[in-house]
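The primary structure of each chain is shown beneath.
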Amino acid sequence: MARISPLMIAPPAIFAAFAIFAGVGMFRDDPDALPSARQGQPAPEVQLTELPGKTLFDDDTLRDGEVKLVNYWASWCAPCRVEHPNLEALAKEGIPIYGINYKDEPAKALAFLNELGDPYDAIGADKTGRMALNWGVYGVPETYVIAGDGTILLRFAGPVTKRVMDETIRPAIEAARQ
């Protein structure tokens, strides 16, 4: 009787494993969403430096009892420029937004805010990107919805567009307020 070599079984087994992983990835809720290991956990420690003339925030600010947004941005980031008017609209609605300027030069960050407006209740600089690593930031812009107790409720990677505001950010804020 002929014996089957294990090497003959390997290619179909590898293909079957690939097909299973691809199927799971394609049929999840939002295949384009980047997963967040921090969602549902307390926000990591705030370690920021001051931008000249701007109010700095700290850990206590994130745990003040109010639902808020934390937005990572940079002056060199084109999508940050696109999302900026939407952040200003959210700020005008009374939603507190705390900005984290990511790996940027202070003068360029301040020029960006002077040109486009400042939607942030307070802001700090993460010049080395160390705090962003602790938060799990992939790149800017990224926006987090933070519960009043400092728990990360939602992470959105990419620019906050009108559609994102209506379908993702506002529903998360409303759910957290109830």
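Described in the following lines is the structure provided in the data block.

Rules behind the numbers
Residues numbered from 1 in each chain as written. Predicted model: local features only at pLDDT ≥ 70, side-chain atom pairs only at ≥ 80, totals over all residues. Heavy atoms only, no water. Disulfide = S-S within 2.5 Å. Buried < 20%, exposed > 50% of the residue type's maximum accessible area, 1.4 Å probe, protein only. Helix = DSSP H or I, 4+ residues; strand = E, 2+ residues; numbered from the N terminus. Pairing = 2+ DSSP bridges. Right-handed = clockwise from strand over helix to strand, strands pointing away. Arc of directions from axis to C-beta. Contact = heavy atoms within 4.5 Å.

1. Some points on the state of the cysteines
The tally for this structure, following the rule as stated, stands at one disulfide. Each sulfur in the disulfide pair Cys77 and Cys80 lies 2.4 Å from the other. Of note, the bridge from Cys77 to Cys80 carries an S-S torsion of about 85° and is right-handed in sense.

2. Points about the pairing of strand S1 (residues 68–73)
Taking burial as the measure, the six residues of S1 include six buried ones, the bulk of the element. Side chains Lys68, Val70 and Tyr72 of S1 all project onto a buried face; the interleaved residues Leu69, Asn71 and Trp73 project onto the opposite face, where all are buried too. Pairing analysis gives five bridges linking S1 to strand S4 (residues 142–146), with the strands arranged antiparallel. Residue pairing for S4: Asn71 is matched across the bridge by Thr143. Where S1 meets strand S2 (residues 97–102), five bridges bridge the pair, whose relative direction is parallel. Bridge assignment links Leu69 to a residue of S2, and that residue is Ile97. Handedness of the crossover joining S1 and S2 through helix H3 (residues 78–92): right-handed.

3. Quick look at helix H4 (residues 106–116)
The α-helix advances 3.6 residues per turn, and as a result positions three or four apart in sequence lie on the same side. Along H4, the residues classified as buried are Ala109, Leu110, Phe112 and Leu113. All buried residues of H4 project into a common sector of 155° when viewed along the axis, lining one side. Opposite the packed face of H4, turned more than 90 degrees from it, sit the exposed residues Ala107, Asn114 and Glu115. On its buried side, H4 packs onto S1, H3, S2 and strand S3 (122–126). Looking at the residues trailing H4, positive phi occurs at Gly117, about 105°.

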